[in-house]
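Okay, here's what each chain looks like letter by letter:
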Amino acid sequence: YAYQNFVCDTSGSICEVVNPEDPNDPLLTHLYKNTLIILIKGDKKHKDQLIKRFKANPKPIYYNENFLNEKWSNFKNINNVDNKNVDPDKFILYCFEDLLDHRIPIYDSIAKNWGITINADDISKVKNEKDFINLISNYLNILYLNLFRI
């Protein structure tokens, strides 16, 4: 695309199709070689905001098959329904918070092994390209200083 600067939001579901502990993971290797992978790390307040936004406007999500099967079975048992009678909107709302919790350690591993972590409160202060570049630069400087104990 020949953009000087480019931001690619992979969505949270990327964590379901990679293995951050595998140093040869093909997707993470490609991203690492061509981009700076950034985990935007939130706290409980941010998690609650995500849940509220998701409840207001649910979006398709890719699920880990084991996670999905477990939640599907639990949902059917709790609601006393069979496969044909599961309300998909109620189902995705039922498992969204658990999905976030399931993904946190995977996101952390991606950031630890392949990228950096930036606090969500810091990201929320970004108003323009210059702010964003300064924020990333500051985090990279801190990382560099810590890495080399300068």
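Everything in this summary refers to the structure shown in the same document.

Any two side chains of opposite charge can pair, on the condition that their charged atoms come close. Counted under the stated rule, the structure contains eight salt bridges. Notably, a salt bridge pairs Asp 48 with Lys 44, separated by 3.1 Å at the nearest N-O pair. With a gap of four residues between them, Asp 48 and Lys 44 both fall in helix α2 (residues 44-56), about one helical turn apart. Bridged by salt links that share partners, the residues Lys 47, Glu 97 and Asp 101 form one connected network.

Here we take up the side chain of Arg 103. Mapped onto the secondary structure, Arg 103 falls in helix α4 (residues 88-114). In contact with Arg 103, other than residues within four places in its own chain, are Gly 12, Ser 13, Cys 15, Glu 16, Ile 61 and Tyr 62.

Another aspect to go through is the packing of aromatic side chains. As enumerated under the stated definition, the model contains six aromatic pairs in all. A centroid spacing of 5.8 Å and a plane angle of 80° characterise the contact between Tyr 32 and Trp 114, whose relative ring orientation is edge-to-face. On the criterion of sequence distance, the pair formed by Tyr 32 in helix α1 (residues 26-34) and Trp 114 in helix α4 is long-range, its members being 82 residues apart. Residue Trp 114 is classed as buried on the basis of its relative accessible area of 8%.

Look at Ser 11: it is not a glycine, yet its phi comes out positive at around 75°. Relative to the assigned elements, Ser 11 resides in the segment before α1. Classification of Ser 11 as partly exposed rests on a relative accessible area of 39%. With a phi close to 50°, Asn 80 is a non-glycine residue in the positive phi region. Examined against the element boundaries, Asn 80 turns out to sit in the loop between α3 (65-79) and α4.

Quick notes on the rules
Here the residue numbers are simple positions, counted from 1 along each chain's written sequence. Residue-level local features of this predicted model are given only where pLDDT is at least 70; pairs of side-chain atoms are given and counted only at 80 or more, and the full residue set underlies all totals for whole chains, interfaces and linings. Excluded from the side-chain calculations are hydrogens and water; all other atoms, namely the structure's heavy atoms, are used. Every case where a carboxyl oxygen of Asp or Glu lies within 4 Å of a side-chain nitrogen of Lys or Arg is listed as a salt bridge. Labels follow the DSSP assignment, with helices taken as runs of H or I lasting at least four residues and strands as runs of E lasting at least two, numbered in each case from the N terminus. Here, residues are in contact when the closest pair of their heavy atoms is within 4.5 Å. Working definition: rings of Phe, Tyr and Trp (its six-membered ring) pair if their centres are within 6.5 Å, and the pair is stacked with planes under 30 degrees apart, edge-to-face with planes over 60 apart, and tilted otherwise. Throughout, exposure labels follow a simple rule: accessible area from a 1.4 Å probe, protein chains only, divided by the maximum for the residue type, with under 20% read as buried, over 50% as exposed, and the rest as partly exposed.

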